[in-house]
Amino acid sequence: PFFVNRGGLPVDEPTWERMWRHVGRIHPDGERVARSIRGAADLPKIPIPSVPAFQPSTPIPERLEAVQRYIRELQYNHTGTQFFEIKKSRPLTGLMDLAKEMTKEALPIKCLEAVILGIYLTNNMTTLDRFPISFKTHFSGNYFRHIVLGVNFGGRYGALGISRREELMYKAPVFRTLSELIFDFEEAYRRCWHTLKKVKLGHCVSHDPHSVEQIEWKHSILDLDKLTREDFRKELERHARDMRLKIGKGTGPPSPTKDRKKDVSSPQRSQASPHRRNSRGDRRPSGEKKPADSKAMPDLNGYQIRV
């Protein structure tokens, strides 16, 4: 049923080609079947989830619930085929273009796609801080990875995302500290017989959909095998404090945008105030504090800026 055009909207050819290749591997006549389904005129219309729209007076918690409902309505992708190729190194503007494509095609998604979609749908909530949270767990001799979009509104933490398990995606912004949120996820994993091994925390994501910055996915990497319970809590709160300080100070230059005019040149920086850069390799491992320098500007080699 996932291969049927939702609402009669066509899916782009590269996406269909990926579907056909996957069907062809498990069905001897898979490509013909897929084409016959795509070309059928008597199939029932599958409703397309409506992208949530908000009034200016709508409270942020209600907006987050609406965004989560939309992500849930797209459904989890159980097909084994990745419908959208997401490269974490892409600039934010490219990922937002991909999120817009997700809303048009309305295909099932997985956890990383849900994070990108969550960023896209909350870009206009400027009082909301968004940051990625990645989990690595162990169960029955195998390791599993999952990611959600952490949110902070009014000093309360929550999360957006999608998962096979209800308790491993949406968390309403009611947690007083970041450690309370992570411990709640850890308890949810424990109920699924998974042991939490690592937590990776990124920095806050820009609200500028045209930013050519990269998302910082792994600012803090916390290895639970190397940390006591109290040290784990302290590292989580240290990361939360780092995010607050970075937002409060407003460090770093404004994000360059893809619609900036070519004939407008930036004023030259004097030697007395050099532009400081931080290496993306200076990520803070477990128990090690990272100096609060300005965030590195991304390497834009190979990325073509569109005007």
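By the naming in an unreviewed UniProt entry, the protein is VASH1 protein, taken from Piaya cayana.

Moving on to the overall build of the protein. The secondary structure content of the protein amounts to seven helices and six strands. Across the protein, helices and strands are ordered from the amino to the carboxyl terminus as α-α-α-α-α-β-β-β-β-α-β-β-α. Taking as baseline every contact in the protein between residues at least 6 positions apart, the subset at least 24 positions apart corresponds to 64%. When the accessible surface of the protein is totalled, it reaches about 16,800 Å², and 50% of it is carbon and sulfur.

Turning next to the nonpolar core. The biggest cluster of nonpolar side chains holds 38 residues, and the ones touching the most others in it are Ile109, Ile116, Leu117, Ile119 and Ile215. Among the elements that take part in this core, helix H5 (residues 111-121) stands out by supplying eight residues, more than any other. Not counting chain neighbours up to four residues away, the residues in contact with Leu117 comprise Tyr70, Ile71, Leu74, Ala99, Met102, Thr103 and Ile109. Of all hydrophobic cores here, the second largest spans 24 residues; its members include Leu168, Leu196, Leu224 and Phe232.

Before going further, it helps to examine the pattern of salt bridges. It is possible for side chains bearing opposite charge to pair when their charged atoms get close. If you walk through the whole model with that rule in mind, you get ten salt bridges. Two residues, Glu186 and Arg190, come together in a salt bridge whose shortest N-O distance is 3.9 Å. Residue Glu186 and its partner Arg190 are located together in helix H6 (residues 178-191), separated by four residues, close to a single helical turn. Taking relative accessible area as the criterion, Arg190 reaches 44% and is therefore assigned partly exposed. Where Asp225 meets Lys197, a salt bridge forms, and the shortest distance between an N and an O atom there is 3.6 Å. On the criterion of sequence distance, the pair formed by Asp225 in the loop between strand S6 (220-223) and helix H7 (229-249) and Lys197 in strand S5 (residues 195-201) is long-range, its members being 28 residues apart. Residue classification places Asp225 among the exposed positions, given a relative accessible area of 58%. Among the charged side chains, a salt-bridge network with shared partners connects Glu186, Glu187, Arg190, Arg191 and Arg229.

Let us look at H6. In this model, H6 (14 residues) spans 20 Å end to end at C-alpha, consistent with the 20 Å of a helix rising 1.5 Å per residue. For H6, every residue scored as buried is listed here: Leu178, Ser179, Leu181, Ile182, Phe185, Glu186, Ala188 and Tyr189. The first or second residue beyond H6 is Trp193, which carries a positive phi of 70 degrees.

It is worth spelling out helix H4 (residues 92-105) at this point. The terminal C-alpha atoms of H4 lie 20 Å apart, and with 14 residues this matches the ideal 20 Å at 1.5 Å per residue to within 8%. Burial analysis of H4 places ten of its 14 residues in the buried class, which makes it a mostly covered element. When we look at burial in H4, the residues that qualify are Leu92, Thr93, Gly94, Leu95, Met96, Leu98, Ala99, Met102, Thr103 and Glu105. Ala106 sits one or two positions beyond H4 and adopts a positive phi of about 55 degrees.

What counts, and where the lines are drawn
Residues numbered from 1 in each chain as written. Predicted model: local features only at pLDDT ≥ 70, side-chain atom pairs only at ≥ 80, totals over all residues. Heavy atoms only, no water. Helix = DSSP H or I, 4+ residues; strand = E, 2+ residues; numbered from the N terminus. Contact = heavy atoms within 4.5 Å. Areas by Shrake-Rupley, 256 points an atom, 1.4 Å probe, with all protein chains shown as cover. Core = buried A, V, L, I, M, F, W, Y, C linked by side-chain atoms within 4.5 Å. Buried < 20%, exposed > 50% of the residue type's maximum accessible area, 1.4 Å probe, protein only. Salt bridge = Lys/Arg side-chain N within 4 Å of Asp/Glu carboxyl O. Expected span 1.5 Å × (residues − 1).

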